Amino acid sequence: MTIANTCFEKDTITRKFVGNLFGNGLLFGPVTSMGLDISANTKQNEQFIEAFENILINSINRFKSPWLHSDFIYSWSSLSKKQDVYVKVMHDMTDTVLQRKKTEFKLNNTNKRDSNNDYKNGTQKGSGTKIKPLMDLLLELDEGVFSDQDIRDEVETIIITGYETVADVLAFFFLLIGSFPLVQEKIVTELEEVLGKEHRDVTKQDLSLLVYLEAVIKETLRCYPIAPFGPRFIDKDVKLKNCTLRPGHNCALMIYGVFRHPMWGEDAESFRPERWLDPASLPSNPNAFLAFGVGKRNCIGKVYAMMSMKIFIVNVLRNYRVTGDHTKMKLKLDVLLKPVSGHYISIEKRV
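Residues numbered from 1 in each chain as written. Predicted model: local features only at pLDDT ≥ 70, side-chain atom pairs only at ≥ 80, totals over all residues. Heavy atoms only, no water.

A. Structural view of the overall build of the protein. Within the protein one finds 12 helices and eight strands. Considering the protein as a whole, with its 351 residues, one finds that 39% of them fall into the buried category. Looking at the protein as shown, the accessible area adds up to about 20,100 Å², and 56% of this sits on carbon and sulfur atoms. (Helix = DSSP H or I, 4+ residues; strand = E, 2+ residues; numbered from the N terminus. Buried < 20%, exposed > 50% of the residue type's maximum accessible area, 1.4 Å probe, protein only. Areas by Shrake-Rupley, 256 points an atom, 1.4 Å probe, with all protein chains shown as cover.)

What follows is the structure, encoded as structure tokens:
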């Protein structure tokens, strides 16, 4: 935790391996949804996702091959050529959408000026508040603040870091509650208490009342942190208990190990959501829960991620009962922690 709160620069190894994808977006930029609709073109959507997954796999393969850490040797490798193709697929798609959004933005500005004139003349019929995606907000800034590449870097960072992480957390979540039916029924009971038996839409106020559901999500993240380590570049002396880390080196915060430290209690290896309902049973250091990072480099989308996961889970569990067996699960690491396969989950319609 000391390192995370002291050194804010991302490590040079991660930047080297995936920096050409994220550019200077929030992930790598200095410390100081999105308007990208990929649902309209299914084939393009699949290509975007496939390219991203292959980039993660290739990054891990490079990391496991010390001779490829040299940029010169790597540039001549087949892995580098494949990576360039996948990065181009993602950049081309984002650039295409960006140009379309810029055209729409200019048209909307023209319509907005006309609308303002109508308002002054008393002919405007009405207006409402519209939620603006990230890309629109970036385009609204004064011209010259962000280049097209700056906007692309930010948007791709948000999409990529949000899409894969939330999906993997949900996979672990359903596998765990399928393995612990009593936990699942407690969630369903809470849903009925908060939402009633009718299948109405979930409101923001409802989400804050789903206390036990949030506890289960947090316990899922503790048992299976999607980012099992947090890389940092040491840019200043960092004094720890038994040593001092000198600047100029990379290091990794082993989040997976922190979540199994004895400070979580004798049952640190066990899945027990109830621990989050009793503050006395949690570690005294508030920074011990590193699932969303810590310090100035913590996850910018953590509130949105929790809201979207809760809404998704509510709609699934109101309609289906989940069964699973987490003891058969095998884990793999391709930058993110994820199950090797997901076929240990099954669902049945609730009566």
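And the narrative resumes.
B. The packing of aromatic side chains, seen in detail. Inspection of the entire model under this criterion finds eight aromatic pairs. Aromatic side chains Phe180 and Phe271 sit 5.1 Å apart centroid to centroid with 40° between the ring planes, which places their arrangement in the tilted category. Placement of Phe180 in the loop between helix 7 (148-179) and helix 8 (181-195) and of Phe271 in the loop between helix 11 (255-258) and helix 12 (302-317) is noted, with a sequence separation of 91 residues between them. Phe271 gets classed as buried once you look at its relative accessible area, which sits at 12%. Here the guanidinium or amino end of Arg62 rests over the ring plane of Tyr74, the centre of that ring lying 3.8 Å away. Geometry around Tyr320 places Lys349 over its ring, the cationic atom sitting 5.0 Å from the centre. (Phe/Tyr/Trp six-rings, centres within 6.5 Å; stacked < 30°, edge-to-face > 60°. Lys NZ or Arg CZ within 6 Å of the ring centre and 35° of its normal.)

C. View of the packing of helix 7 against helix 10 (residues 211-223). The geometry of helix 7 relative to helix 10 is characterised by a closest axis approach of 9 Å and an angle of 110° between their N-to-C directions. Viewed along their axes, helix 7 and helix 10 adopt a mutual orientation that is roughly perpendicular. Judged by residue contacts, Val169, Phe172, Phe173, Leu176 and Ile177 of helix 7 engage Leu213, Val216, Ile217, Thr220 and Leu221 from helix 10. When grouped by side-chain class, the residues that make up the contact of helix 7 with helix 10 number nine nonpolar, one polar and no charged. (Axes fitted to C-alpha atoms, helices over the stretch in contact; angles between N-to-C directions. Parallel < 35°, antiparallel > 145°, perpendicular 65-115°, else oblique. Contact = heavy atoms within 4.5 Å. Nonpolar A, V, L, I, M, F, W, Y, C, P; charged D, E, K, R; others polar.)

D. Quick peek at the packing of helix 7 against helix 12. In the contact formed by helix 7 and helix 12, the axes pass within 11 Å of each other and the chain directions differ by 40°. In terms of axis orientation, helix 7 runs oblique to helix 12. As helix 7 packs across helix 12, the resulting crossing turns out to be right-handed. For the pair helix 7 and helix 12, the contacting residues are Val166, Val169, Leu170, Phe173, Phe174 and Ile177 in the first and Ala305, Ser308, Met309, Phe312, Ile313, Val316 and Leu317 in the second. When grouped by side-chain class, the residues that make up the contact of helix 7 with helix 12 number 12 nonpolar, one polar and no charged. (Left-handed = near helix turned anticlockwise from the far one by under 90°.)

E. Broad picture of the pattern of salt bridges. Taken as a whole and assessed by the stated rule, the structure comprises 14 salt bridges. Between Asp71 and Arg62 there is a salt bridge, with the nearest N and O atoms lying 3.0 Å from each other. For Arg62, a relative accessible area of 3% corresponds to the buried category. Across the salt bridge formed by Arg246 and Asp237, the nearest N and O atoms sit 3.2 Å from each other. Salt bridges linked by common partners bring Glu219, Arg222, Asp267, Arg272 and Arg275 together as one network. (Salt bridge = Lys/Arg side-chain N within 4 Å of Asp/Glu carboxyl O.)

F. The arrangement of helix 10 in detail. The end-to-end C-alpha separation of helix 10 is 19 Å, in line with the 18 Å expected for 13 residues at 1.5 Å each. Burial analysis of helix 10 places 10 of its 13 residues in the buried class, which makes it a mostly covered element. Listing the buried residues of helix 10 in full gives Tyr212, Leu213, Ala215, Val216, Ile217, Glu219, Thr220, Leu221, Arg222 and Cys223. Those residues of helix 10 that are buried lie in contact with helix 7, helix 8, helix 11 and helix 12. (Expected span 1.5 Å × (residues − 1).)

G. Representation of a nonpolar patch on the surface. On the surface, a nonpolar cluster with roughly 560 Å² of combined accessible area is contributed by Trp67, Phe72, Ile73 and Trp76. By secondary structure assignment, the location of Ile73 is in helix 4 (residues 71-75). (Patch = residues over 30% accessible without salt bridge, like charges linked within 9 Å, V, L, I, M, F, W, Y side chains within 5 Å.)

H. Here's a closer look at the nonpolar core. Phe173, Phe174, Ile187 and Leu317 are the most contacted members of the largest nonpolar core, which has 50 residues in total. Going through the elements one at a time, helix 7, helix 8, helix 10, helix 11, helix 12 and strand 7 (336-339) are the ones with two or more residues in this core. Here this core gets nine residues from one element, more than from any other, and that element is helix 7. Contact partners of Phe173, with chain neighbours within four places excluded, come to Ile187, Leu213, Val216, Ile217, Thr220 and Ile313. If you look at the next biggest cluster of nonpolar residues, it comprises 16 residues, including Ile55, Leu98, Leu139 and Ile159. (Core = buried A, V, L, I, M, F, W, Y, C linked by side-chain atoms within 4.5 Å.)

I. Spotlight on the side chain of Arg260. Mapped onto the elements, Arg260 comes out in the loop between helix 11 and helix 12. Of the residues examined, Arg260 reaches a relative accessible area of 18% and is grouped as buried. A distance of 2.6 Å separates the side chain of Arg260 from the backbone oxygen of Cys223, its partner in a polar contact. Sequence-distant contacts of Arg260, that is, excluding residues within four places in its chain, are made with Arg222, Cys223, Ala268 and Glu269. (Polar contact = N/O pair within 3.5 Å; in protein donor to acceptor, adjacent residues only side chain to side chain.)

J. Quick peek at the side chain of Asp206. Topologically, Asp206 is positioned in helix 9 (residues 204-209). Leave out the neighbours within four places in its chain, and Asp206 touches Val194, Leu195, Arg200 and Asp201.

K. Expanded view of the environment of Ile255. Relative to the helices and strands, Ile255 resides in helix 11. Exposure remark for Ile255: the relative accessible area of 8% places this residue in the buried category. In sequence terms Ile255 and Gly293 are 38 residues apart; their C-alpha atoms lie 9.1 Å from each other. Sequence-distant contacts of Ile255, defined by excluding residues within four places in its chain, comprise Pro225, Ala227, Pro228, Phe229, Gly230 and Leu290.

Such coordinate-based values are descriptive only and should not be taken to indicate function.
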